[in-house]
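Here is how the chains run, residue by residue.
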Amino acid sequence: MKKNLVVLSGAGISAESGVRTFRDSNGLWENHRVEDVASPEGFERNPQLVVDFYNERRRQLNAVQPNDAHRLLAELEQDFNVRIITQNVDDLHERAGSSNVLHLHGELKKVRSVLPGSEPIEWNLDLNVGDTDSQGIQLRPHIVWFGEEVPEMAAAEKIVELADMFLVIGTSLQVYPAAGLLHNIPGGCELFVIDPHLKLNITNADNFYRTTATEGMRLLLQGLRKISN
Ligand code: OAD
C-alpha cells in the first residue's frame with residue numbers, strides 16, 4: 001500500500017517560476033500594506049485598489065509556468081498518496097499535474113460574491129468593481145484575507161493526521177492557523193523541510209534541505225529512492 005505523503009507548501013515553491021514571495025526582500029508585503037490589499041476593511045475602503053492588486057497577480061500567473069519542484073511533486077504520485085495543502089493562491093501545483101491540492105488561502109482564478117458562504121466561480125479575467133453574480137451581488141477575489149476564517153482548516157487537519165511522511169516546502173511558517181498544522185503531525189511521521197533561508201529551526205526534521213525548491217526536491221527524491229531500493 002502506498003504511504004501518505006502530505007505536503008505543506010508556500011510561496012517559496014513558486015519563486016523559481018517567477019512568482020514573488022511575501023516576506024523575502026522585495027517580497028509582496030514589502031511593497032504593499034497588508035491591511036490595504038488583504039483585509040475585508042481594505043476592500044470596503046478601496047475596492048478598486050484591492051481588485052487591481054489581485055488582477056495584477058492573476059495576469060502574472062497566466063504568464064508563468066510550473067517549475068521542476070511542482071513537477072517532481074506531481075511525479076511522486078506514482079509512489080505515494082500525495083496530498084498537497086498549499087497556502088498559495090496560484091494554480092501551479094495543478095498545472096504541474098498534482099491531483100490532490102487543497103488551497104488554504106483561496107485561489108486567484110476564482111471569485112465569489114461578498115455574501116458570506118457564497119460559492120466560488122472560475123474567473124480568468126480582470127475583476128472590476130461593479131462585476132456581480134447572477135443575483136446582482138458584487139464579486140470579490142476568492143482569497144482568505146487577514147482577519148477572516150480559514151474554511152479549509154478542518155479538512156487540512158484531517159489530512160495531516162493521516163500522514164506517514166510530511167514535507168514542508170517554501171513557507172516561512174509565519175501565518176496561522178496554517179503554520180499550526182505542524183502540531184497535527186502524528187507521532188512516527190517522517191518530517192522533511194525544503195527552504196533556503198527558513199528562520200525557524202525545525203529541530204525534529206529528519207532531513208532539512210537548506211536549498212531552493214527545485215534543488216531540494218531533487219535531493220529529496222534521491223533520498224527516497226535510496227530508501228525504497
Ligand atoms: P513567505 O513569503 O512568508 O515565505 C516564503 C518562504 O519561501 C521563505 O521561508 C523563504 O525562505 C522561502 N523561499 C524563498 N525562495 C525560495 C525558493 N527558491 N525555494 C524554496 N523556498 C524559497 O510565504 P508563505 O509562507 O507562503 O497569505 O506565506 C504565507 C501566507 O502569508 C501566504 O499564503 C499569504 C501571506 O500573507 C495570504 O495572502 C492569505
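The structure we're discussing is the one just above.
A short tour of the structure in this document, coming up. Small disclaimer: the values here were computed from a predicted structure and weren't measured.

**Focus on the pairing of strand β6 (residues 139–143)**
Item 1. Counting buried positions over the five residues of β6 gives five, a clear majority of the element.
Item 2. Where strand β4 (residues 106–113) and β6 come together, five bridges link them in antiparallel fashion. Looking at β6, one finds that Ser113 is bridged to Leu139.

**A word on the sheet that holds strand β8 (residues 190–194)**
Item 1. Strand order in the open sheet formed by six strands is β3-β2-β1-β7-β8-β9, and the pairing between neighbours is parallel. Both outer strands of the open sheet, β3 (101–103) and β9 (207–209), are each paired with one neighbouring strand and no more. In this sheet, adjacent strand axes meet at a mean angle of 15° when their direction is disregarded.
Item 2. For strand β1 (residues 3–9) and strand β7 (residues 165–169), the ladder comprises five bridges, and the chain directions are parallel. Note on β7: the bridge partner recorded for Leu5 is Met165.

**Considerations on the site of the ligand**
Item 1. As a matter of local geometry, the ligand sits amid 23 residues, with Phe22, Arg23, Thr171, Ser172 and Asp195 nearest to it.
Item 2. Contact between the ligand and His105: an oxygen atom at 2.8 Å from a side-chain N or O atom of the residue.
Item 3. Across the complex, the protein chains shield 94% of the 790 Å² of accessible surface that the ligand would expose by itself.
Item 4. Across the shell around the ligand, the residue classes break down as nine nonpolar, ten polar and four charged.

**Topic: the packing of aromatic side chains**
Item 1. Taken as a whole, this structure holds five aromatic pairs when the rule is applied.
Item 2. Taking 5.3 Å as the distance between ring centres and 40° as the angle between the ring planes, the aromatic pair formed by Phe43 and Trp145 counts as tilted. With Phe43 in helix α4 (residues 40–45) and Trp145 in the loop between β6 and α8 (153–161), the pair connects residues that are 102 residues apart, well separated along the chain.
Item 3. Relative to Trp145, the ring of Tyr54 lies with its centre 6.4 Å away and its plane at 35°, an arrangement referred to as tilted. Remark: Trp145 occurs in the loop between β6 and α8 and Tyr54 occurs in helix α5 (residues 47–62); sequence separation between them is 91 residues.
Item 4. Take Trp145: its relative accessible area is 2%, and that puts it in the buried class.
Item 5. Here the guanidinium or amino end of Arg140 rests over the ring plane of Trp145, the centre of that ring lying 3.9 Å away.

**Details of the environment of Val34**
Item 1. One can find Val34 in helix α3 (residues 34–37).
Item 2. Residues Val34 and His142 lie 108 residues apart in sequence; the distance between their C-alpha atoms is 16 Å.
Item 3. Contacts of Val34, omitting those with residues within four sequence positions, involve Trp29, Ser39 and Phe146.

**Some points on unusual backbone geometry**
Item 1. Of the consecutive residues Tyr176 and Pro177, the connecting peptide bond is found in the cis state with omega at 10°.
Item 2. With respect to the secondary-structure elements, Pro177 resides in the loop between β7 and β8.
Item 3. With phi around 65°, Asn26 is a residue other than glycine that occupies positive phi space.
Item 4. For Asn26, the position within the fold is in the loop between α1 (12–15) and α2 (28–31).

**Some remarks on the pattern of salt bridges**
Item 1. This structure, assessed with the given rule, holds twelve salt bridges.
Item 2. With a shortest N-O distance of 3.3 Å, Asp36 and Arg45 are connected by a salt bridge.
Item 3. Between Arg218 and Glu215 there is a salt bridge, and its shortest N-O distance comes to 3.5 Å. One end of the pair, Arg218, and the other, Glu215, are both in helix α9 (residues 213–228), three residues apart, so they sit about a helical turn from each other.

The rules behind each value
- Residues numbered from 1 in each chain as written.
- Predicted model: local features only at pLDDT ≥ 70, side-chain atom pairs only at ≥ 80, totals over all residues.
- Heavy atoms only, no water.
- Buried < 20%, exposed > 50% of the residue type's maximum accessible area, 1.4 Å probe, protein only.
- Helix = DSSP H or I, 4+ residues; strand = E, 2+ residues; numbered from the N terminus.
- Pairing = 2+ DSSP bridges.
- Axes fitted to C-alpha atoms, helices over the stretch in contact; angles between N-to-C directions.
- Near = heavy atom within 4 Å.
- Polar contact = N/O pair within 3.5 Å; in protein donor to acceptor, adjacent residues only side chain to side chain.
- Areas by Shrake-Rupley, 256 points an atom, 1.4 Å probe, with all protein chains shown as cover.
- Nonpolar A, V, L, I, M, F, W, Y, C, P; charged D, E, K, R; others polar.
- Phe/Tyr/Trp six-rings, centres within 6.5 Å; stacked < 30°, edge-to-face > 60°.
- Lys NZ or Arg CZ within 6 Å of the ring centre and 35° of its normal.
- Contact = heavy atoms within 4.5 Å.
- Salt bridge = Lys/Arg side-chain N within 4 Å of Asp/Glu carboxyl O.

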